[in-house]
Amino acid sequence: MSRIVKCAHIQMSNARSDGTVAQIKEAMIEKHIPMVKEAGEKGVNILCLQEIFYGPYFCCEQDIKWYESAEKVPGPTTKRFSEYAKKYNMVIILPVYEVTIAGVYYNTAAVIDANGEYLGKFRKIQIPHTWPGFWEKFYFKPGNLGFPVFETQYAKIGLFICYDRHFPECARILALNGAEILFNPSATTTGKSQHLWELEQPAQAVANGVFIGANNRVGLEKPWEFGEFYGTSYFVNPKGEFLVKGSCDKDEIVVADLDLEMIREVRDGWQFFRDRRPEMYEDICKHLP
């Protein structure tokens, strides 16, 4: 028996750079809507959008104007996209910029179930502040909701956002909590991360016996003008094999059929979870550099 779930990413270049923050945000939302509809018409079951999908990756500059793009979660954008989730019977993973109270912001991804119901959210755990332009601590408070697993109509899914993928603990705890598919919406550019992009997450899929979908934007954009977002969004199976990979420079929907029965097959063969010795790993949480 197979249990096929059709999953997809939308990878996209920024829609506009001029105008107000509200205009830039709305242009990107409007650019996404036809592709969300297309995914629904193709029968996609679970659709993942890129990190803070409704604007540019603004973290390469430190400017308080971008705080204006933050919103409540659930809020206006989750409500707007819940209509498409319900219409197409499609789960939507919606990464947005969240504000809780004045001055407190998170890098967040909301999950909308196939009936349009808001299921919950994940807040990015590890926040980078690294050269050459990932100045995220200016914009985001570290996530405080842990690693929830969302039981959607089609599968149990877990999320971790961009930089979180460099920390294998994220994938491990989600898998141990029952997630079958892990999604990693990202914004990552040529040079620093490209080698790791196709190295880390296939290995994590193998180590945890899960499917992983990694999503990245494309193109050159303001304010980040010194590196290109290289796309190549993909899905890998629990054997670490690439099922599909997007282009490096095109707006597109990247679709793959995931047979969730492979999870049991792979785990029965390797038995990594049976042979774990968590009582021997206490030092990993004790020792500080």
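Described below are features of the structure shown in this document. (Residues numbered from 1 in each chain as written. Predicted model: local features only at pLDDT ≥ 70, side-chain atom pairs only at ≥ 80, totals over all residues. Heavy atoms only, no water.)

1. Points about the nonpolar core
Counting residues in each nonpolar core, the largest one holds 45 residues, and the members touching the most others are Leu47, Phe81, Leu94 and Tyr97. For this core, the elements supplying multiple residues, two or more each, are strand E1 (4-11), helix H1 (21-41), helix H2 (76-88), strand E3 (91-99) and strand E4 (105-112). At eight residues, the largest contribution of residues to this core is made by H1. Not counting the four nearest positions on each side in its chain, Leu47 is found in contact with Ala8, His9, Ile10, Val36, Ala39, Met90, Val91, Ile92 and Ile93. In this structure, Ala114, Phe122, Ile125 and Phe211 belong to the second largest nonpolar core, which totals 44 residues. (Core = buried A, V, L, I, M, F, W, Y, C linked by side-chain atoms within 4.5 Å. Buried < 20%, exposed > 50% of the residue type's maximum accessible area, 1.4 Å probe, protein only. Helix = DSSP H or I, 4+ residues; strand = E, 2+ residues; numbered from the N terminus. Contact = heavy atoms within 4.5 Å.)

2. Some points on the side chain of Ser247
The topology assignment puts Ser247 in the loop between strand E15 (242-245) and strand E16 (252-259). Within polar-contact distance, the side chain of Ser247 engages the backbone nitrogen of Lys250 at 3.1 Å. Leaving out residues up to four positions away in the same chain, Ser247 has contacts with Gln11, Tyr230, Gly231, Thr232 and Glu252. (Polar contact = N/O pair within 3.5 Å; in protein donor to acceptor, adjacent residues only side chain to side chain.)

3. Comments concerning the pattern of salt bridges
Counted by the stated rule, this structure contains 19 salt bridges. With a shortest N-O distance of 2.7 Å, Lys124 and Glu136 are connected by a salt bridge. One end of the pair, Lys124, is in the loop between strand E5 (118-123) and strand E6 (129-130); the other, Glu136, is in the loop between strand E7 (134-135) and strand E8 (149-151), with 12 residues separating them in the sequence. Under the relative-accessibility criterion, Lys124 is labelled buried at 1%. Judged by its relative accessible area of 1%, Glu136 falls in the buried class. (Salt bridge = Lys/Arg side-chain N within 4 Å of Asp/Glu carboxyl O.)

4. Thoughts on the sheet that holds E8
Consider a sheet: its strands pair through backbone hydrogen bonds, and that pairing is either parallel or antiparallel. Ordered by their spatial adjacency, six strands build an open sheet running E8-E9-E10-E11-E14-E15, and the pairing between neighbours is mixed. Only two strands of the sheet have a single neighbouring strand rather than two, namely E8 and E15. Averaged over neighbouring strand pairs, the angle between their axes works out to 20 degrees when direction is ignored. Lying over the sheet, helix H5 (residues 200-208) contacts strand E10 (181-186), strand E11 (211-216), strand E14 (234-236) and E15, oriented at roughly 30 degrees with respect to E14. (Pairing = 2+ DSSP bridges. Axes fitted to C-alpha atoms, helices over the stretch in contact; angles between N-to-C directions.)

5. A short note on helix H6 (residues 261-270)
Taken residue by residue, H6 has Met262, Ile263 and Val266 as its buried positions. For H6, the angular spread of the buried residues around the axis is 105 degrees, confining them to a single face. Of the surrounding secondary structure, the elements contacted by the buried residues of H6 are E11 and E16. Of the residues one or two after H6, Gln271 is the one with positive phi, at around 60 degrees. (Arc of directions from axis to C-beta.)

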